[in-house]
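Listed below, chain by chain, are the residues.
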Amino acid sequence: MGSREVLGQAARLASSGLLLQVLFRVITFVLNAFVLRFLSKEIVGIVNVRLTLLYSTTIFLAREAFRRACLSGGPQRDWSQTFNLLWLTVPLGVFWSLFLGWVWLRLLEVPDPNVVSHYGTGVVVFGLSAVVELLGEPFWVLAQAQMFVRLKVIAESLSVILKSVLTAFLVLWLPHWGLYIFSLAQLLYTTVLVLCYVIYFTKLLGSAESNKQQALPISRMTDLLPSVTRRRAFVNWNEAKLTWSFFKQSFLKQILTEGERYVMTFLNVLNFGDQGVYDIVNNLGSLVARLIFQPIEESFYIFFAKVLERGKDATLQKQEDVAVAATVLESLLKLALLTGLTITIFGFAYSQLALDIYGGAMLSSGSGPILLRSYCLYVLLLAINGVTECFTFAAMSKEEVDRYNFTMLALSSSFLGLSYLLTRWCGSVGFILANCFNMGVRITQSLWFIHRYYGRSPHRPLAGLYLSPALLGAFALSGGITSVSEVFLCCEQGWPARLAHIAVGAFCLGVTLGTAFLTETKLINFLRTQFGGSRLADKTS
């Protein structure tokens, strides 16, 4: 398959993922906003910080390295060895869930049972749900490698919606169940997620006429199970070594990704109520990142990994592939920069209004608006880092990944220390400031790698980080106008004033987007060609 065909598949996967995720996330957003009004800040802090950290740490340590290594394999690989390697995530997940569950129950502060009941059950069930999710890992990797459009998005979104519906129902009718509610909902989420993949492949492999079935490297469901033969090694040792390199990196990346939750959990710098408010704002602020940036990053990581030869100089590879990769990287950087700047500029003036609509006075008063405004700046850095690391991790050699691990080790240590100091100095905002510092260093590392990678070629993908003066002026003017509008129209003047404030923002946003459409013609052409063409191909397939 040529680089342009791979690009078309990646674009189709990303665009389909965006549309479906927006639809499902809107439903989940409404359900969560409804449930939030019936919960205390303390139970939100326990569920969203303490228990979710247990689940995410177990999942991340058990599977992240395996995913990256197995998605980097070539088309001629022995898939049975890849599946054998992926099944090792299950015993690894059991180990981590048992070890971390002991830490969560024995070493960490236990909440007051009169305020948050059934904490021990919550720890056990959240750990179990992580192991259940790992049972679907071979299916997930196969689906991603084959670029099955919509499967991942539908499976995850359906699971989240059912989890939210069950949570809302139980919170309304059985509020005294406490953490039983969220434990059952979490177990339902992981079970439905795995079943979606199992049912999809069962039906696909049972249809002999299916074009997708004919392209699969397996012919029956039992091919996905572990297998042992004397003719070959149990696993591909190159994949296994790459997995170990990624595991060291994933351990550090998990600390950087969830660093503030580790500081909150192990150092007790915030009480459970403040943790709950911070986590709600954090989730609300990262909504766009999950909706837009994550599908693009995951889809185009696969594109770069398939088009470029890992660890090989750009001048020694097929120049058409290198040129296509450079064009895609430049356009993705431009898209990330524009999206991040839009969120930063307009988010500053509309943070308080958004929190008041979403969660009422519990969020819109106190530190909530300051947290969300700070997070808008972090989203800009998050967007750029997602694109740069997506390319960097796909192009790095194993040795370069190992060297990068040392940088991540130093960064993770400084990040945790900085988080603790800044939080002591300026409260929960310190977590976001530390995250901004962390993301800035990671972006610098990736930009330096990209600059060296294309240094001896005629391509300059980092030009995507430059904007026209007219567009920068439109952003600056919009930021000033909306800030003045917030002072006079929001948020204690009633709904007519709020609607006027929204109208001002809509007008400024329209002017800014119009300026971008007129000045960033290269990006517009890329989006029309790739995402527009991918939707047409999806309709005709």
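Scoring rules and cut-offs
- Numbering of residues starts from 1 in each chain and follows the order in which that chain's sequence is written.
- Whole-chain, interface and lining totals are the exception, using all residues; otherwise, since this is a predicted model, local features are given only for residues with pLDDT of at least 70 and side-chain atom pairs are given and counted only at 80 or more.
- Only heavy atoms go into the side-chain values, all of them from the structure, while hydrogens and water stay out.
- Under the DSSP-based scheme used, a helix requires at least four consecutive residues in state H or I and a strand at least two consecutive residues in state E, with every element numbered from the N terminus.
- With C-alpha atoms as the basis for the radius of gyration, the globule rule is written as 2.2 Å multiplied by the number of residues raised to the power 0.38.
- Only protein chains enter the accessibility calculation, which uses a 1.4 Å probe; a residue whose area is less than 20% of its type maximum is buried, one above 50% is exposed, and one in between is partly exposed.
- Reported accessibility uses the Shrake-Rupley method at a 1.4 Å probe radius. Residues are deemed covered only where the shown protein chains occlude them.
- Confidence of the prediction at every residue is given by pLDDT, a number between 0 and 100.
- We call two residues in contact when some of their heavy atoms are within 4.5 Å.
- Ring pairs are drawn from Phe, Tyr and Trp, using the six-membered ring of Trp, whenever the two centres fall within 6.5 Å, and their geometry is named by plane angle: stacked under 30 degrees, edge-to-face over 60, tilted for the rest.
- A ring is considered to have a charge above it if a Lys NZ or an Arg CZ atom is located within 6 Å of its centre and within 35 degrees of its normal.
- Whenever a helix is involved, its axis is fitted only over the stretch in contact; in every case the axis is a line through C-alpha atoms, and angles between N-to-C directions fall within 0 to 180 degrees.
- For classification purposes, an angle smaller than 35 degrees is called roughly parallel, one larger than 145 roughly antiparallel, one from 65 to 115 roughly perpendicular, and anything else oblique.
- Each crossing gets its hand from how the near helix is turned against the far one by less than a right angle, where anticlockwise is left-handed and clockwise is right-handed.
- Any residue that is not Ala, Val, Leu, Ile, Met, Phe, Trp, Tyr, Cys, Pro, Asp, Glu, Lys or Arg is counted as polar, Gly included; the first ten are nonpolar and the last four charged.
- Expected span, for any helix, means 1.5 Å times one less than how many residues it has.
- The rule for a disulfide is simple: a pair of cysteine sulfur atoms within 2.5 Å.
- The definition of a nonpolar core used throughout is a set of buried Ala, Val, Leu, Ile, Met, Phe, Trp, Tyr and Cys residues joined through side-chain atoms within 4.5 Å.
- Think of a salt bridge as a Lys or Arg side-chain nitrogen and an Asp or Glu carboxyl oxygen that are within 4 Å of each other.

1. Some words on the overall build of the protein chain
- Within the protein chain, the secondary structure is distributed over 21 helices and zero strands.
- Radius of gyration (C-alpha) of the protein chain: 24 Å, near the 24 Å computed for a compact globule of 541 residues.
- Principal-axis analysis of the C-alpha atoms gives the protein chain an extent of 70 × 55 × 45 Å.
- Taken across its 541 residues, the protein chain has 57% of its residues classed as buried.
- On the protein chain, roughly 23,500 Å² of surface is accessible, and the fraction owed to carbon and sulfur atoms is 66%.

2. Things to note about the confidence of the model for the protein chain
- On average, the protein chain scores 84 in pLDDT, and the residues at 70 or more come to 90%.
- Considering each helix and strand of the protein chain separately, the mean pLDDT is smallest for helix α9 (residues 211-215), with a value of 59, and largest for helix α5 (residues 119-134), with 96.
- Note on residues 534-541: pLDDT is under 50 here. Beyond four places in sequence and across chains, it has 12 contacts.

3. Looking at the packing of aromatic side chains
- The tally for this structure, following the rule as stated, stands at 22 aromatic pairs.
- Where Trp96 meets Phe99, the ring centres are 6.3 Å apart and the plane angle is 70°; that geometry is what we call edge-to-face. Note that Trp96 and Phe99 are positioned in helix α4 (residues 89-106) at a spacing of three residues, about one turn of the helix.
- Residue classification places Trp96 among the buried residues on the basis of a relative accessible area of 14%.
- Given the relative accessible area of 40%, Phe99 is considered partly exposed.
- When the ring of Trp177 is compared with that of Tyr180, the centres are 6.4 Å apart and the planes differ by 90°; the resulting orientation is edge-to-face.
- Grouped by ring-pair contacts, the aromatic residues Phe300, Phe303, Phe304, Phe391, Phe449, Tyr453 and Tyr454 constitute a single cluster.
- Taking the ring centre of Trp140 as reference, the NZ or CZ of Arg67 above it sits at 3.5 Å.
- It is Arg68 that lies over the ring of Tyr301; its NZ or CZ is 5.1 Å from the centre.

4. Observations concerning the packing of helix α14 (residues 319-359) against helix α20 (residues 495-519)
- Packing of α14 against α20 brings their axes to within 12 Å, and their N-to-C directions diverge by 160°. When the interaxial angle is binned, α14 and α20 end up roughly antiparallel. Note on packing geometry: the crossing formed by α14 with α20 is left-handed. In this structure, α14 contributes Thr342, Phe346, Ala349, Tyr350, Leu353, Asp356 and Ile357 to the contact, and α20 contributes Trp495, Arg498, His501, Ile502, Val504, Gly505, Cys508, Leu509 and Thr512.
- Residue classes in the contact of α14 with α20 are distributed as 10 nonpolar, four polar and two charged.

5. Details of α5
- For α5, with 16 residues, the first-to-last C-alpha span of 23 Å sits near the 22 Å given by 1.5 Å per residue.
- All buried positions along α5 are accounted for by Tyr119, Gly122, Val123, Val125, Phe126, Gly127, Ser129, Ala130, Val131, Val132, Glu133 and Leu134.
- Against the buried residues of α5 lie α2 (41-71), α4, α6 (137-145) and α8 (179-205).

6. Digging into the state of the cysteines
- By the definition in use, this model includes zero disulfides.
- Just so you know, Cys70 is unpaired, no disulfide at all, and the nearest cysteine sulfur is the one on Cys390, 18 Å from it.
- Of the cysteine sulfurs around Cys436, a residue in no disulfide, the closest is that of Cys376, at 11 Å.

7. Some points on the nonpolar core
- Counting residues in each nonpolar core, the largest one holds 145 residues, and the members touching the most others are Trp104, Leu179, Tyr197, Phe201, Phe304 and Phe391.
- Per-element accounting of this core gives the leading share, 17 residues, to α2.
- Beyond its immediate stretch of four places on either side in the chain, Trp104 contacts Arg50, Leu53, Leu54, Tyr119, Val123 and Phe266.
- Within the second largest apolar cluster, five residues are counted, among which are Tyr350, Leu353, Cys490 and Cys491.

8. A look at the side chain of Arg498
- By the secondary structure assignment, Arg498 is in helix α20.
- By relative accessible area, which is 10% here, Arg498 ends up buried.
- Setting aside residues no more than four positions away along its own chain, Arg498 makes contact with Leu353, Asp356, Leu489 and Cys491.

9. Brief notes about the pattern of salt bridges
- For the structure on display, the rule yields 14 salt bridges.
- Residues Glu156 and Lys152 are paired through a salt bridge, measuring 3.5 Å at the closest nitrogen-oxygen approach. Residue Glu156 and its partner Lys152 are located together in helix α7 (residues 151-173), separated by four residues, close to a single helical turn.
- Classification of Glu156 as partly exposed rests on a relative accessible area of 22%.
- Asp279 serves as the salt-bridge partner of Arg261, at 2.3 Å between the closest nitrogen and oxygen. With Arg261 in helix α11 (residues 259-267) and Asp279 in helix α12 (residues 272-285), the pair connects residues that are 18 residues apart, well separated along the chain.
- We classify Arg261 as buried; its relative accessible area is 8%.
- Given the relative accessible area of 1%, Asp279 is considered buried.

10. As for unusual backbone geometry
- Not every positive phi belongs to a glycine, and His118 is a case in point at roughly 65°.
- Locating His118 in the fold gives a position in the loop between α4 and α5.
- By relative accessible area, which is 31% here, His118 ends up partly exposed.
- The phi angle at Asn268 is positive, at roughly 55°, despite the residue not being glycine.
- Within the fold, Asn268 resides in the loop between α11 and α12.
- Given the relative accessible area of 40%, Asn268 is considered partly exposed.

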